[in-house]
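# Remarks on the overall topology
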Amino acid sequence: MAHVIAVAGKGGVGKTTLCGLLIQYLCEKGKTPVLAVDADANSNLNEVLGVEVEMTLGEVREQIENAANSAKNPIPASMSKADYAEIMLNRCLVEEDDYDMLVMGRTQGKGCYCYVNGLLQAQVQRLTPNYKYMVVDNEAGMEHISRGILPKVDTVILVSDCSRRGVQAVGRIAALVRECGLNPNTIGLIVNRAPGGVLNEGTREEIQKQGLTLFGVVPQDQDVYEFDCDGRPTIELPADSPVKMAARKIFDSIDM
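Below is a summary of the structure that appears in this document. Keep in mind that this is a model prediction, so the values were computed, not measured.

About the criteria used
In this convention, every chain numbers its residues from 1, walking through the sequence in written order. With the structure being a predicted model, the display of local features is reserved for residues of pLDDT at least 70 and the display and counting of side-chain atom pairs for 80 or more, all residues being used for whole-chain, interface and lining totals. Values reported for side chains reflect all heavy atoms of the structure, with hydrogen atoms and water molecules removed beforehand. For patch building, the residue pool is restricted to those with more than 30% relative accessible area and no salt bridge; the joining distance is 9 Å between like charges and 5 Å between nonpolar side chains (Val, Leu, Ile, Met, Phe, Trp, Tyr). Accessible surface area values rest on a Shrake-Rupley calculation with a 1.4 Å probe, where residue burial reflects the displayed protein chains alone. A side-chain nitrogen of Lys or Arg and a carboxyl oxygen of Asp or Glu constitute a salt bridge if their distance falls within 4 Å. Residues scored as positive are Lys and Arg, those scored as negative are Asp and Glu, and His as well as the terminal groups of each chain are ignored. Charged side chains are reduced to one point each, which is NZ for Lys, CZ for Arg, CG for Asp and CD for Glu. Helix numbers and strand numbers start at the N terminus; a helix is a DSSP run of H or I with at least 4 residues, a strand a run of E with at least 2. Using a 1.4 Å probe on the protein chains alone, a residue whose accessible area is under 20% of its type maximum counts as buried, one over 50% counts as exposed, and one in between counts as partly exposed. In short, DSSP must find at least two bridges between two strands for them to pair. Orient the strands so they point away from the viewer; a crossover is then right-handed if the path from the first strand over the helix to the second runs clockwise. Axis lines are fitted to C-alpha atoms, over the contacting stretch for helices. Their N-to-C directions set the angle, which ranges from 0 to 180 degrees. Angular relationships are summarised with four words: roughly parallel below 35 degrees, roughly antiparallel beyond 145, roughly perpendicular across 65 to 115, and oblique for the angles in between. Here a crossing is called left-handed whenever its near helix is offset anticlockwise from the far helix by less than a right angle, and right-handed whenever the offset is clockwise. Any two residues whose heavy atoms approach within 4.5 Å at even a single point are treated as in contact. Note on residue classes: Ala, Val, Leu, Ile, Met, Phe, Trp, Tyr, Cys and Pro are nonpolar, Asp, Glu, Lys and Arg are charged, and everything else, Gly too, is polar.

Now for a negative patch on the surface. A cluster of acidic residues, Glu47, Asp223, Glu226, Asp228 and Asp230, forms a negative patch on the protein surface. Within the secondary structure, Glu226 sits in helix H9 (residues 222-230).

Dropping the structure here:
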């Protein structure tokens, strides 16, 4: 079974950027194959990695539903709905040299994400035995943890910015991980976008109050912002980038 690494935190703290750097780190360390899972309905991990996605699980759901309700059913008469769904689901897996990628995506228009979450859960369980590592970029908040989307979690990386609210948010996620009985081997916090790579005393106090283990601090870097504005994959940051150097030092220190 794959070593499952779940990355979680509130929105806008840089989870996806760190996920992309983590996937690149694992590949460069030879810890392959890796399955990258973008479990956010508002998905953009592929942009951080510079990968084109042909189809998402949300789009598969729409195709299956439209096929059932269409007068021109695209499913051949000789093929079951389950076999058709399997073919479509296989198209969701993006295959790169050292890693593969699965994207949750979203449904169209109104409605909840229960069906797509179910597809994601089933595909993760099916694919996990084929990989050494699985890195899951969770949506903002706690839903995927509370829903039990992941069959197991070995390492939980919580990501926050320097704000007390961000640290409080990941503190609640850490508590939920315990309540759900996930029992990861390792759980800790990365504080992202710290000015000068230094935490102020108030942030440190909140981390201690929440009972969190601090994995490390990643500095704020203008290059990350400019890469994003230019539509360039974040993993193309130069090796001497302060963000990339700090992230790799932290990853080296985590037992995973």
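What follows deals with the pattern of salt bridges. Taken as a whole, this structure holds five salt bridges when the rule is applied. Here Asp154 ties to Lys152 by a salt bridge, and the two come within 2.5 Å at their closest N and O atoms. Overall, Asp154 belongs to the buried group, its relative accessible area being 13%. Three or more residues joined by partner-sharing salt bridges are found here, namely Arg164, Glu205 and Glu206.

Looking down a regular strand, the side chains alternate between one sheet face and the other. When you tally the buried positions in strand E6 (residues 155-160), you get six out of six residues, the bulk of the element. Examined bridge by bridge, strand E1 (residues 3-8) and E6 share four bridges and lie parallel to one another. When the sheet's bridge partners are listed, Ala8 is paired in E6 with Leu158. By the bridge criterion, six bridges tie E6 to strand E7 (residues 186-194) in an arrangement that is parallel. From the neighbouring strand, Val159 faces E7, where its bridge partner is Ile190. With helix H7 (residues 164-179) bridging E6 and the parallel E7, this β-α-β connection has right-handed handedness.

Right, let's get into the packing of H7 against helix H8 (residues 201-209). For the pair H7 and H8, interaxial distance at closest approach is 9 Å and the crossing angle is 15°. Between H7 and H8, the interaxial angle falls into the category roughly parallel. Pair H7 / H8 crosses with right-handed handedness. Counting all contacts with H7, which are made through Arg164, Val167 and Gln168, the residues of H8 involved are Gly202, Thr203, Glu205, Glu206 and Ile207. Residues that form the contact of H7 with H8 fall into these classes: two nonpolar, three polar and three charged.

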